[in-house]
Amino acid sequence: MSLQDVSSFAAGRWIAPDANARLIENAVTGEAMARAGNDTLDVAAMLEFARTKGGPALRALSFHDRARMLKALAVELGKHKQALYDLSFATGATQSDHLIDIDGGIGTMFVFASKGRREMPDGHVYLDGEVEQLSRDGTFLGQHICTPLQGVAVHINAFNFPVWGMLEKLAPTLLAGVPAIVKPATATCYVTELAVRIMLKSGILPEGALQLVSGGLGDMLDHLTCQDVVGFTGSAATALKLRSAPVIMQNSVRFVAEQDSLNASILGPDAVQGTPEFDLFVKEAAREMTTKAGQKCTAIRRIIAPEGQVAALIEALSARLSKTTVGDPKAEGTRMGALVNNGQKRDVLEKIGTIGAEATRVFGDPEDFAMAGSKGAFLPPMLFHCESPDTAARVHDTEAFGPVSTIMGYRDLDHGIALANKGQGSLVASLITHDGDVARQVALGAGAFHGRLYINNRDSMKESTGHGSPLPHMVHGGPGRAGGGEELGGVRGVMHYMQRTAIQGSPDILTAIGGVYVKGATVQEGPAHPFRRTFDELQIGESITTDPRQVTLADIEHFAEFTGDTFYAHMDEEAAARNPFFPGRVAHGYLLLSFAAGLFVDPDEGPVLANTGLDNLRFLKPLVTGSSIRVHLTVRKKTRRNDEYGEVRWAVRVTDEEDEAVAEYELLTMNAS
């Protein structure tokens, strides 16, 4: 059988492995199937190529341009899923595992593409938070902005998810406008290489936006600057070695780590045998032990249950695990495939020896199961029971990265929380309970030690995604031994590749930088009523001030009768006067909004397609009978939705005869392009 050459893509060209390449093992057969690595890669040239080619090209695109690029990449990868599936079987993964890795990675790109279009501006500056008034009259203001780092992101990924592990880092990086150099784990880099080839061949990415290292990085990290980022997934020992590199520390290079994690799952005291929650707990625990042969950074390593439920839980979980068919991942009926290679198998066997000094194996014998004689990296699911979790140490600090978990009992919920926290930081802890008070107690007691708390019960289990499924909407990471980093989390993940900068200046300056009208900035009257202007024609700061309209007592009483809103402040002079907020009868706030719309709306058919709502409504001053209002309508922000129309956000200020604001809000309309 000929070996597959797994190449690197460096500085615009594919480079084959050299004589020092490392052999890669087929997880199912145990035989060498590929080789990767080239010690002659010019890593300094790769970094320069990313900084001078990829970075400027990406930064020239708006956030929406980059979001559309992500969507196009996801679509392209989706066209080639079968080829990725077929290749991934050699990693030991089953078809169900492929759905997590390949489909999950593509889905993550779609989510970031959507969030980029909906939550980020169609521009180059991301505004972080509201404007801060730094002066009395509002002529000197402050705001935080985020702009792309001008370096490169070096992504060092683990072997267990060769596609998702790359795409979950790559999507927010590219959306931020930063080029990436991807270094997958050598054991499964052949799958990553195929995904990279698909993306590069599509022509969707700018030159220099994506490079690939198949094999070792050499001294690449020694060339990093304060504008670069290292994103790492792997062991705590490797993370410590990398983050301790002198250049990383000297240049304050951002280092985002996701590493070892002794994740725990707690069975709530209410979830006794016979409840839907107990059955759910067994199902979740078995799934986490067997999916990807337990090779998941989020897998359940410690099962924490009330002492009175431990025996029943061992029996139920063992019965479920006994139905797991271990074998060739391509074979029909296989529920769990192989570990990534025999080296990983040996590591797991070594680790269960350590765990076995403090716990008893109650299910699964690596010497006696269906695939025991295979040359592939097969192991059965193995369940341990630790009778003394308070005095044990290794069950709380040793991760067997395979189909292994340990059950331990707790006396009361506080004890269970303390056991979960003995892992000294994890990516995820789960709780199965139908009791809201139990959930609150665990959230308060365990939240500080875990990056994510997954709480499930009979109400949510049909739609829940599972303990071990990081979602692109939510942060993925954890404190302590889990690495102290964060990934994903929607736009939060994009911020890891941007610099937050505090800017200070006048309203006009902040408007010019952020592309969003700031109150107090110069406004200009357009050549026509703004509702007669298309999305493209409207300018930020374009404004009109309407003619006044008097609000009479008859208006108030008619509105009250018509709507049924007869609140005393509008109908009873004496009662209203007794209220500390009102001088007497006043106009309804929603009457003012209705009159405001009547003042600024242009009635004829035109570019305004729909009014989609309003935000940030505040009633600032009561309006008494006989007073007049006028409206100041200003284009605050524009967000293109597609080629046909875009969203216009208008700043609306309703003032009285003294030019004091009685109401302020933001109006949203969809305007034709």
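Residues numbered from 1 in each chain as written. Predicted model: local features only at pLDDT ≥ 70, side-chain atom pairs only at ≥ 80, totals over all residues. Heavy atoms only, no water.

### A few points about the sheet that holds strand β13 (residues 264-267)
This is how the line gets drawn: Criterion used throughout: strands pair if DSSP finds at least two bridges between them. Starting at the N terminus, helices and strands are each numbered in turn, a helix being any DSSP run of H or I of at least four residues and a strand any DSSP run of E of at least two. Lines fitted to C-alpha atoms define the axes, with helix axes restricted to the stretch in contact, and inter-axis angles between N-to-C directions lie between 0 and 180 degrees. Here a residue-residue contact requires only that any non-hydrogen atoms of the pair lie within 4.5 Å.
Read from one edge to the other, the open sheet built from 7 strands follows the order β15-β16-β17-β14-β13-β18-β19, with strand pairing classed as mixed. Bordering the open sheet on either side are β15 (360-363) and β19 (453-456), each of which pairs with just one other strand. Ignoring which end each strand starts from, the neighbouring axes of this sheet average 25 degrees apart. Relative to strand β14 (residues 302-306), β13 is paired through 3 bridges, and the arrangement is parallel. Bridging from a neighbouring strand, Ser-265 pairs with Ile-303 of β14. Packed onto the sheet, helix α11 (residues 342-356) meets β16 (382-386) and β17 (404-410) and runs at close to 20 degrees relative to β16. Across the sheet, helix α13 (residues 413-421) lies against β13, β14 and β17, angled at about 150 degrees from β17, the strand it touches most.

### Details of the pattern of salt bridges
We apply this condition: The rule for a salt bridge is simple: a side-chain nitrogen of Lys or Arg has to be within 4 Å of a carboxyl oxygen of Asp or Glu. Partly exposed describes any residue whose relative accessible area lies between the buried limit of under 20% and the exposed limit of over 50%, with all areas from a 1.4 Å probe on protein chains only and scaled to the type maximum.
For the coordinates displayed, the defined rule picks out 32 salt bridges. One salt bridge in this structure joins Arg-197 and Glu-193, with 3.2 Å as the shortest N-O distance. Here Arg-197 and its partner Glu-193 are both found in helix α6 (residues 189-202), 4 residues apart, which amounts to about one turn of the helix. Classification of Arg-197 by relative accessible area gives partly exposed; the value is 32%. Given a relative accessible area of 5%, Glu-193 falls into the buried group. Note that Arg-361 and Asp-365 form a salt bridge whose closest N and O atoms lie 3.6 Å from each other.

### Quick notes on the side chain of Gln-143
For clarity, the threshold we go by: Here a polar contact means two N or O atoms within 3.5 Å. Within protein one must be a hydrogen donor candidate and the other an acceptor candidate, and residues neighboring in sequence count only if both atoms are side-chain atoms.
Following the sequence through the fold, Gln-143 ends up in strand β7 (residues 141-148). Residue Gln-143 is classed as buried on the basis of its relative accessible area, which comes to 7%. Among the polar contacts listed, one links the side chain of Gln-143 to the backbone oxygen of Gly-129, at a separation of 3.2 Å. If we skip the residues at most four places from it in the chain, Gln-143 touches Leu-127, Gly-129, Glu-130, Val-131, Thr-501, Ala-502, Ile-503 and Leu-510.

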